[in-house]
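Take a look at the letters that make up each chain.
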Amino acid sequence: MNAAHRLRRRLEEKRLCVMPGVFDALSAKLAAEAGHEVLFMTGFGVSAVRLASPDAGLISMGEMLDQLRTCIAAAGDIPVVGDGDTGWGNALNVQRTVREYARAGAAAIMLEDQVSPKKCGHTKGKQVVSRQEARLKIRAACQARDALRANGSGDILVLARSDARAVNGFDDALARCQDFADEGADILFLEAPENIDEMRRFCASVKRPCMANMVFQGKTPVVPPAELQEIGYRLAVYPIAALAGLIASLRQTYAALVPGAGMAHPPQLDFAALQEAVGFPAYWDAEKKYAAE
């Protein structure tokens, strides 16, 4: 059973699936160990940890693909959804991106309708392509997906995202999501609805699994998973929760190491626990198999 099939099976269940954001091999490994069923490789996080730069279209497809492979390898059997940004170009670029993400082993690829260079969905300065161009790019993505399945060379789901709410209003964003559903997108994501009523209207209007984006202090109300499920969502992504905690901890740790700072260190693992977290015990056990007498 490949990753796409596992995700497809999970989406058939009625209960909400919470997806934590991951951004490198270690975060993917720890999220999988925590018991999460699906992981989301976030472009915001990858841009931050790989480039120390904002999620503003600065990262390349090659860099994202490289990071995706490491996340998938570290996650084991847990499906990973990969952020595909705008697909890095026109409809033909989108098709190549779909094929490459599928070959890397992604369970799904998220593609959005922003103008390139894109922006984080909850920050300012976004622009979107025309409704027709957005639809054609999702059509291209779905045709690439179907071709992979038909020739047996891969499997992947298409997660179609519209950022039009902040630019053209809710009705246009909803119409785009309905277009994406008509083109065959597997999962739909209307980014940054501004109230519960908009969230309900979205889930009720499209006949595909819907995803919610829970960004604390973003534009969308952050509500408990049980309420998201009642609204009609099938997936909920928390893309930056781990990254925000990591940055806070790193800042405090590095500041505390400055001589004379007088700052307390945040909670830390002891050395034995640190070795276990990065896999030394398993490595030592495996190493014994090949030890020369």
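Residues numbered from 1 in each chain as written. Predicted model: local features only at pLDDT ≥ 70, side-chain atom pairs only at ≥ 80, totals over all residues. Heavy atoms only, no water.

Chemist: Help me understand the overall build of the protein, please; the structure alone is not making it clear to me.
Modeler: Secondary structure summary: the protein contains 13 helices and eight strands in total. What you see for the protein is a C-alpha radius of gyration of 20 Å, in line with the 19 Å of a compact globule of 293 residues. C-alpha atoms of the protein, sized along the principal axes, occupy 60 × 50 × 35 Å. The burial tally for the protein puts 47% of its 293 residues in the buried class. Of the charged side chains in the protein, 34 are positive and 35 negative, and the gap between their average positions amounts to 4 Å. (Helix = DSSP H or I, 4+ residues; strand = E, 2+ residues; numbered from the N terminus. Rg over C-alpha atoms; globule rule 2.2 N^0.38 Å. Buried < 20%, exposed > 50% of the residue type's maximum accessible area, 1.4 Å probe, protein only. Lys, Arg positive; Asp, Glu negative; His and termini not counted. Charge placed at Lys NZ, Arg CZ, Asp CG, Glu CD.)

Chemist: Please clarify how the packing of aromatic side chains should be interpreted in this entry.
Modeler: Both the distance between ring centres and the angle between the ring planes are used here to describe each pair of aromatic rings. Going through the model one piece at a time under the given rule, you end up with three aromatic pairs. For the ring pair Phe 202 and Tyr 233, a centre distance of 6.2 Å and an interplane angle of 50° mean the geometry is tilted. Note that Phe 202 is positioned in helix α9 (residues 196-205) and Tyr 233 in the loop between α10 (225-231) and β8 (235-238), a separation of 31 residues in sequence. Classification of Tyr 233 as buried rests on a relative accessible area of 2%. Measuring from centroid to centroid gives 6.4 Å for Phe 216 and Tyr 238, while their planes differ by 40°, and the two rings are tilted. Pair noted here: Phe 216 is in the loop between β7 (211-213) and α10 and Tyr 238 is in strand β8, with a separation of 22 residues, a long-range link. Since its relative accessible area comes to 48%, Phe 216 is described here as partly exposed. (Phe/Tyr/Trp six-rings, centres within 6.5 Å; stacked < 30°, edge-to-face > 60°.)

Chemist: Help me understand helix α2 (residues 25-33) in this model?
Modeler: Residues that lie three or four places apart on an α-helix share one face, since the helix turns once every 3.6 residues. Taken together, the buried positions of α2 are occupied by Ser 27, Ala 28, Ala 31 and Ala 32. All buried residues of α2 project into a common sector of 130° when viewed along the axis, lining one side. The secondary structure elements touched by the buried residues of α2 are β1 (17-22), β2 (39-41) and α4 (61-75). Gly 35 sits one or two residues past α2 and shows a positive phi near 105°. (Arc of directions from axis to C-beta. Contact = heavy atoms within 4.5 Å.)

Chemist: So what exactly am I meant to see when it comes to the pattern of salt bridges here?
Modeler: Two side chains carrying opposite charge are able to pair once their charged atoms lie near each other. Applying the stated criterion across every chain yields a total of 29 salt bridges. Residue Arg 165 is joined to Glu 194 by a salt bridge in which the shortest nitrogen-to-oxygen separation is 3.3 Å. One end of the pair, Arg 165, is in helix α7 (residues 165-168); the other, Glu 194, is in the loop between β6 (187-190) and α9, and 29 residues separate them in sequence. When its relative accessible area of 15% is taken as the criterion, Arg 165 is described as buried. Residue classification places Glu 194 among the partly exposed positions, given a relative accessible area of 40%. Note that Arg 201 and Asp 171 form a salt bridge whose closest N and O atoms lie 3.2 Å from each other. Of the two residues, Arg 201 is situated in helix α9 and Asp 171 in helix α8 (residues 170-183); the sequence distance between them amounts to 30 residues. Overall, the relative accessible area of 36% leaves Arg 201 in the partly exposed class. (Salt bridge = Lys/Arg side-chain N within 4 Å of Asp/Glu carboxyl O.)

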